[in-house]
Amino acid sequence: MTLFGELIAFIVFVLFCMKFVWPPLNNAIEARQQKISDGLAAGERAEKDLQLAQAKIADELKEAKAQAAEIIAQAKKRAEDSVEEGKKRGEQERENIIAAGQAEVQAERNRLREELRKQVAMLAIAGAEKIIEREIDKNAHSDIVEKLVAEL
Amino acid sequence: MAAEELTLQSHIQHHLTNAKMCNTEAGIAFNKACSEAGFWTWHIDTLAWSIGLGIIFLMIFRNAAKKATVGVPGKLQCFIEMIVEFVAGNVRDTFHGKSKLIAPLALTIFVWVFLMNLMDLIPVDFLPAFAGWIGATFFGMNSHDVYMKIVPTTDINMTAALAIGVFLLMIGYNIRMKGVLGFIKELTLHPFSSSNLFVQILLIPFNLLLELIALVAKPFSLALRLFGNLYAGELIFILIGAIGLMQLPLHFVWAVFHILVIVLQAFVFMMLTIVYLSMASSESH
């Protein structure tokens, strides 16, 4: 009789386990496994995304660096250019000023020379008047005087 | 010396006797009055302990199942899920094909048998002595007439009931998967077969004999293996318990070894159940 009692108990226990114990536990486990595998997949995806982003960042950084180098080179060139231009202009200015100074000096010299010549002529005429001690007809001898002046 | 041996013998005898209940002409009778009842005896200690343990198992697991969450599990749920996953893994590896029954069956067998075996680790005199005290105090019985065997799996009725349950399932699976005719064919046309019709007919009785023995041997081996292991273990616990103070280290060693045995026996019973049912539901040998 014990045998039958235990047999019935066994069947009842197995049925109870099958109905009320196994399914919720197994479902919970499987759902969690699903969740974990989803999580792992998401993590992997995120890592891949991160790698892509890092590669993109590196690319952009490289580009930016190249651009910056270009800009710096341009700026340097422009600065050199402007310095060169300033130098050139300064030189030009200097030459202009020197030329103007020389021209002025020349003009002054010419003027002085003219005046000197006039005074020398006058002195020569006065000297000549004194030497020949006679009045020279200004009208008759002006041509000689003119000639003299021109020769000086 | 003779008297001492007698008491030792009766002590062991006492430990290995179930509490019995039966119907006699005079009505319901207990224990010694039932010695004539034979098979028709109820072993009330076996029944009470096994069903009690089964209910404890189902309550704990039901409790965990009701609260089972997909999110972070609690400690109880973790523990229960470890067992469930262990059983589910074994079933997946061994049983090919779909069945809603196999996994819960395996779980029930594993945990239930384990719990019943676990009773073996309770020191052998505790509960019987307690039961004897109750019997003597409240029912006016001689405490030596109160029997209490607390390990249900040391009762051949218990293990046989489990094995018969599995055996019925095996036959059921055979018939469900192969049909009645297919089942009969498998019993009669293997392992010896011939293309000659006459020889084939001659071979049928041999095949039937072999296959029937193979079939029936399975539940027998299941029942006797579990019973034998646990009975022997219990007997040694009782013997150790009878040798006085020296029992302490011995008992410890045997108990540690027995932890292995009870888990292993529960596992073996579960595994073999799965294997037998897998064989029953697969097409060919």
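All values reported here derive from a predicted model rather than from experimental measurement.

A. Quick peek at the overall build of chain B. Along chain B, the regular secondary structure elements total 8 helices and 3 strands. For chain B, the sequential pattern of α-helices and β-strands runs α-β-β-β-α-α-α-α-α-α-α. Along the first, second and third principal axes, the C-alpha atoms of chain B reach 70 × 55 × 40 Å. In chain B, buried positions account for 33% of the 285 residues. Pairs at least 24 apart in sequence give 66% of the contacts found in chain B among residues at least 6 apart.

B. Spotlight on the overall build of chain A. The helix and strand tally for chain A stands at 2 helices and 0 strands. Against the compact-globule benchmark of 15 Å for 152 residues, chain A has a radius of gyration of 60 Å, which places it well outside the compact range. By residue count, 8% of the 152 residues in chain A fall in the buried class.

C. Region of the structure containing the interface of chain A and chain B. Taken together, the contact between chain A and chain B spans 25 residues of the former and 39 residues of the latter. Split into classes, the residues belonging to the side of chain A that touches chain B amount to 19 nonpolar, 3 polar and 3 charged.

D. Representation of the nonpolar core. Ranked by internal contacts, the top residues of the largest apolar core, which has 65 residues, are Leu25(A), Ala106(B), Leu107(B), Ile109(B), Phe110(B), Trp112(B) and Val113(B). At the level of secondary structure, the elements contributing two or more residues to this core comprise helix H1 (2–132) of chain A together with helix H2 (44–66), helix H3 (75–94), helix H4 (102–118), helix H6 (156–189), helix H7 (197–241) and helix H8 (247–281) of chain B. When residues in this core are grouped by element, the largest group, 13 residues, is from H4(B). Not counting chain neighbours up to four residues away, the residues in contact with Val113(B) comprise Thr153(B), Leu226(B), Gln265(B), Ala266(B) and Phe269(B).

E. Spatial organisation of H3(B). Here H3(B) is 20 residues long and its end C-alpha atoms lie 29 Å apart, about the 28 Å a rise of 1.5 Å per residue gives. Among all positions of H3(B), only Gln77(B), Ile80(B), Val84(B), Val87(B), Ala88(B) and Val91(B) are buried. Looking straight down H3(B), one finds its buried side chains confined to an arc of 105°; they lie on one side. Every exposed residue of H3(B) that faces more than 90 degrees away from the buried side is listed here: Lys75(B), Cys78(B), Met82(B), Gly89(B) and Asp93(B). Residues of H3(B) that are buried sit in contact with H1 of chain A together with H2, H4 and H8 of chain B.

F. Up close: the environment of Ala79(A). Inspection of the secondary structure puts Ala79(A) in helix H1. Residues Ala79(A) and Gln67(A), spaced 12 residues apart in sequence, show a C-alpha to C-alpha distance of 18 Å.

G. Seen up close, the packing of H3(B) against H4(B). Residue and element names in this part refer to chain B. One can describe the packing of H3 onto H4 by two numbers: an axis separation of 9 Å at closest approach and a directional angle of 125°. Comparing the axis directions of H3 and H4 gives the class oblique. Of the two elements, H3 crosses H4, and the hand of that crossing is right-handed. Along the contact surface, H3 presents Ile83, Val84, Val87, Ala88, Asn90 and Val91, while H4 presents Ile102, Ala103, Ala106, Leu107, Phe110 and Val111. Counted by class, the contact of H3 with H4 contains 11 nonpolar, 1 polar and no charged residues.

H. Summary view of H8(B). All names here are of chain B. The terminal C-alpha atoms of H8 lie 49 Å apart, and with 35 residues this matches the ideal 51 Å at 1.5 Å per residue to within 8%. Those residues of H8 lying buried are His258, Ile262, Gln265, Ala266, Phe269, Met270, Thr273, Ile274, Tyr276, Leu277, Ala280 and Ser281. Buried residues in H8 make contact with H3, H4, H6 and H7.

I. Main features of the packing of H7(B) against H8(B). All names here are of chain B. Packing of H7 against H8 brings their axes to within 10 Å, and their N-to-C directions diverge by 170°. Here H7 lies roughly antiparallel to H8, going by the angle between them. Contact residues: H7 offers Lys218, Leu222, Arg225, Leu226, Asn229, Leu230, Gly233, Ile236, Phe237, Ile240 and Gly241, while H8 offers Gln247, Leu250, His251, Trp254, His258, Val261, Gln265, Val268, Phe269, Leu272 and Tyr276. Its residues placed into classes, the contact of H7 with H8 shows 13 nonpolar, 7 polar and 2 charged.

J. How the structure looks around the confidence of the model for chain B. Residues and elements named next belong to chain B. Considering every residue of chain B, the mean pLDDT works out to 83; 93% of them sit at 70 or more. For chain B, the element scoring lowest by mean pLDDT is helix H1 (residues 2–15), at 67; H4 scores highest, at 90. This complex was scored by the predictor with a pTM of 0.71 and an ipTM of 0.78.

About the thresholds
Residues numbered from 1 in each chain as written. Chains lettered and ligands numbered in written order. Predicted model: local features only at pLDDT ≥ 70, side-chain atom pairs only at ≥ 80, totals over all residues. Helix = DSSP H or I, 4+ residues; strand = E, 2+ residues; numbered from the N terminus. Buried ≥ 20, exposed ≤ 12 C-beta atoms within 10 Å, placed from the backbone. Contact = placed C-beta atoms within 7 Å. Rg over C-alpha atoms; globule rule 2.2 N^0.38 Å. Nonpolar A, V, L, I, M, F, W, Y, C, P; charged D, E, K, R; others polar. Core = buried A, V, L, I, M, F, W, Y, C linked by C-beta atoms within 7 Å. Expected span 1.5 Å × (residues − 1). Arc of directions from axis to C-beta. Axes fitted to C-alpha atoms, helices over the stretch in contact; angles between N-to-C directions. Parallel < 35°, antiparallel > 145°, perpendicular 65-115°, else oblique. Left-handed = near helix turned anticlockwise from the far one by under 90°. pLDDT = per-residue confidence, 0-100.

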